[in-house]
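# Coordinate inspection notes
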Amino acid sequence: MRTQLSFASLAGIETELLAVTAIDTQTAKGPEARPQPVLLTADNAVQAAAAAVLSSGEFKAGANETLLLHAPAGVAAKRLLLVGLGKQAKATVHGVRSAAGTAVRFTKPRGIRELVFALPVADAIAAAAATRAAVEGALVGDFDPDTYRSDRKDQSVQSFTLAAPANSDKTALEAALAEGVIVGESQNFTRSLVNEPGNKLTPRILGQRAAAMAEEVGLKWEVHSTEKLHELKMGAFWSVSQGSEEPPALIVLRYEPEGVSDGPVLHPTDKDPSAGTPVLGLVGKGITFDTGGISIKPADNMEKMKYDMAGGAAMIGAMRAIALLKPKVRVIGIVCAAENMPDGKAQKPGDVQTAMSGKTIEIINTDAEGRLVLADGLTYAKQLGATHLIDAATLTGACVVALGMINAGGFSNDDATWAKFDGALATSGEKFWRMPLGEEYAEQIKSDIGDIKNTGGRGGGGACTAAEFLKVFAEDTPWIHLDIAGLAWVEDSKPYIAKGPSGVAVRSILEWVRSY
Ligand code: BES
Ligand code: ZN
Ligand code: ZN
């Protein structure tokens, strides 16, 4: 998709389709309160072309509601598409992101290949932020997961023009557009990885895809396998991969900006993390297929477990965006990729594994494998110099039970680090809800035979005990854990995004990194 800005008069732009947003300005409530849709453009001709339909009551400007007009009078565009942003009080840049996605997904199946989207003009919507969000939304909306259909028609929108008022700060909007392209394409890169089935994307191939991307954007990279796992004594990571014919991949991506010193690397117990040069460690769960292992999963929905590498793919996508946006902070991305399979060589419930940190883990359930690979990933990130850690994983079904598919789970051992992540959410527009850690949860994972066990047993709180398990390996290093099990896969198509991989967490992780 080509993306560009136009500062021409809206009514004069010749195009197949012109999309304009609208809000509902009705503040009264109750059955008598009819919606009062208002277009977010200052263009009088466009206003006039839509006046009749707006007063008809047919279009209520609800969030992502659409209405198409052909041959609008006094407007050069062949079609005028109205896209709702919802109630005026709730109209935000995040609504603009969705509205742009909605416009693209409206356009695609109609065989229309170009569209002009009018940047909403409203006091509450900052122009540069809305520009970036609109481009992100358009790119995300353009993605469809049907890559292996023989009759796949390439219906991608080829040209997306954002039309902004002539008196805009052009330099600022051009920069915002360029940023939106990087972020949207990085999120789609993550989605394209998550979409791949387990037979097409093994740990080794995930490593190759990450390496190819790293070459393209100028990241340093290494992809290791079995030998290195043994050398580093990654007993927890290896235990997951030992039941598969497919070798594991330890993927390391490094972003080292010029002019940012290597140190002094903080001691993890340093009371003031801002005192030294931070090195951010991004650790992702890369289970390319999760059968559950010997504690095998039921057949129903097992095919979905190809997306169990979504946390790893989010880190790879975030590293891509980081390499292109060049924040002034060192970042190390680590993806622990393996296939969780039942086999004669697979680990068994009751086995005891020694993690890279030296901690011993009693395996209660081989399906709780994500925390095992992440345990060693977190330890390795620290060994490579990370002073702050973030991990992302489709870790627990319990998190989906707790938060549904609305919020992803977030955990942290450090309020200041979480506060930065919370700030990042304001830009990313993604929903993460902070969940509790605590001594009582730690009790639940104590083992009789070793240091800890890999499930919390009958006590419930599975998302929290899983996070508590990871905390044992983060130790005193400021750390955030993101459980994205409920949001990494969109179950039903929405007006602005296709059913399938969502690419959740890429934008939030990126903004968190940029906050350092
Ligand atoms: N990959 C799953 C978690 C998952 C569930 C992701 C649903 C996406 C959707 C994870 O490896 C797993 O199987 N977790 C178990 C842990 C249990 C055995 C303690 C779970 O959640 O049931
Ligand atoms: Zn599992
Ligand atoms: Zn899993």
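### A few points about the coordination of the zinc ion (ligand 2)
Each protein donor to the zinc ion (ligand 2) is listed here as Asp290 (OD), Asp367 (O), Asp367 (OD) and Glu369 (OE); together their distances run 2.0 to 2.2 Å. Around the zinc ion (ligand 2) sit six donor atoms, and with donor-metal-donor angles ranging over 71 to 168 degrees the site reads as irregular. On the primary sequence, the residues serving as donors to the zinc ion (ligand 2) are separated as D-x76-D-x1-E. In this structure, the zinc ion (ligand 2) lies 3.2 Å away from the zinc ion (ligand 3), the two metals sharing Asp290 as a donor. A residue pair is termed long-range when its members are at least 10 positions apart, and Asp290 in strand 10 (residues 279-290) and Asp367 in the loop between strand 13 (360-362) and helix 9 (370-383) qualify at 77 residues. The class of Asp367 is partly exposed, set by a relative accessible area of 22%.

### Quick word on the site of ligand 1
Taken together, 16 residues form the shell around ligand 1, and within it Lys297, Asp308, Asp367, Glu369 and Gly397 come nearest. Within the backbone of Thr394, one N or O atom sits 3.4 Å away from a nitrogen atom of ligand 1. Here a nitrogen atom of ligand 1 sits 3.5 Å away from a polar atom, N or O, in the main chain of Leu395. When ligand 1 sits alone it has 520 Å² of accessible area, and the protein chains cover 77% of it. When grouped by side-chain class, the residues that make up the shell around ligand 1 number four nonpolar, five polar and seven charged.

### Points about the coordination of the zinc ion (ligand 3)
Taken together, the protein donors to the zinc ion (ligand 3) comprise Lys285 (NZ), Asp290 (OD), Asp308 (OD) and Glu369 (OE), at separations of 1.9 to 2.4 Å. Coordination at the zinc ion (ligand 3) comes from six donor atoms whose angles at the metal span 77 to 173 degrees, giving a geometry best classed as octahedral. Each donor residue of the zinc ion (ligand 3) belongs to the same chain, with the gaps between them written as K-x4-D-x17-D-x60-E.

### Quick notes on the pattern of salt bridges
Applying the stated criterion to the full structure yields 29 salt bridges. Across the pair Asp151 and Arg149 runs a salt bridge, and its minimum N-O distance is 3.1 Å. Here Lys304 ties to Glu491 by a salt bridge, and the two come within 2.5 Å at their closest N and O atoms. With Lys304 in the loop between strand 10 and helix 8 (310-325) and Glu491 in the loop between strand 19 (489-490) and strand 20 (500-501), this residue pair connects regions lying 187 residues apart in the sequence.

### Re the sheet that holds strand 9 (residues 249-255)
With mixed pairing, the eight strands of this open sheet are ordered in space as 8-9-11-10-14-18-15-16. In this open sheet, the two strands that pair with only one neighbour each are strand 8 (220-224) and strand 16 (432-434). In this sheet, neighbouring strand axes are inclined to one another by 20 degrees on average, regardless of whether the strands run parallel or antiparallel. Along the sheet, helix 5 (residues 203-217) contacts strand 8, strand 9, strand 10 and strand 11 (330-340); its crossing angle with strand 9, the most-contacted strand, is approximately 15 degrees.

### Quick word on helix 13 (residues 462-474)
For helix 13, built from 13 residues, the straight-helix expectation of 18 Å at 1.5 Å per residue is met to within 8% by its first-to-last C-alpha distance of 19 Å. A positive phi of about 55 degrees marks Glu475, the residue just after helix 13.

### Some points on the packing of aromatic side chains
This structure, assessed with the given rule, holds six aromatic pairs. For the pair Phe469 and Phe473, a centre-to-centre distance of 5.4 Å together with 40 degrees between the ring planes defines the contact as tilted. Taken as a pair, Phe469 and Phe473 lie in helix 13 at a separation of four residues, close to a single helical turn. Here Phe469 matches Phe473 in class, with each residue buried. Ring centres of Trp512 and Tyr516 lie 5.1 Å apart, and the angle between their planes is 75 degrees; this geometry places the pair in the edge-to-face category. Each residue in the set Trp418, Phe421 and Phe432 is aromatic and connected to the rest through ring pairs, giving one cluster. If you follow Arg110 out to its NZ or CZ, it ends over the ring of Phe106, 3.7 Å from the centre. For the cation-ring pair, Lys420 lies above Tyr516, with the distance from its terminal atom to the ring centre recorded as 4.4 Å.

Calculation rules
- Residues numbered from 1 in each chain as written.
- Chains lettered and ligands numbered in written order.
- Predicted model: local features only at pLDDT ≥ 70, side-chain atom pairs only at ≥ 80, totals over all residues.
- Heavy atoms only, no water.
- Donors = N, O, S within 2.8 Å, 3.2 Å for Na, K, Ca; no water.
- Tetrahedral: all angles 85-135°; square planar, octahedral: opposite > 155°, others 65-115°.
- Helix = DSSP H or I, 4+ residues; strand = E, 2+ residues; numbered from the N terminus.
- Buried < 20%, exposed > 50% of the residue type's maximum accessible area, 1.4 Å probe, protein only.
- Near = heavy atom within 4 Å.
- Polar contact = N/O pair within 3.5 Å; in protein donor to acceptor, adjacent residues only side chain to side chain.
- Areas by Shrake-Rupley, 256 points an atom, 1.4 Å probe, with all protein chains shown as cover.
- Nonpolar A, V, L, I, M, F, W, Y, C, P; charged D, E, K, R; others polar.
- Salt bridge = Lys/Arg side-chain N within 4 Å of Asp/Glu carboxyl O.
- Pairing = 2+ DSSP bridges.
- Axes fitted to C-alpha atoms, helices over the stretch in contact; angles between N-to-C directions.
- Contact = heavy atoms within 4.5 Å.
- Expected span 1.5 Å × (residues − 1).
- Phe/Tyr/Trp six-rings, centres within 6.5 Å; stacked < 30°, edge-to-face > 60°.
- Lys NZ or Arg CZ within 6 Å of the ring centre and 35° of its normal.

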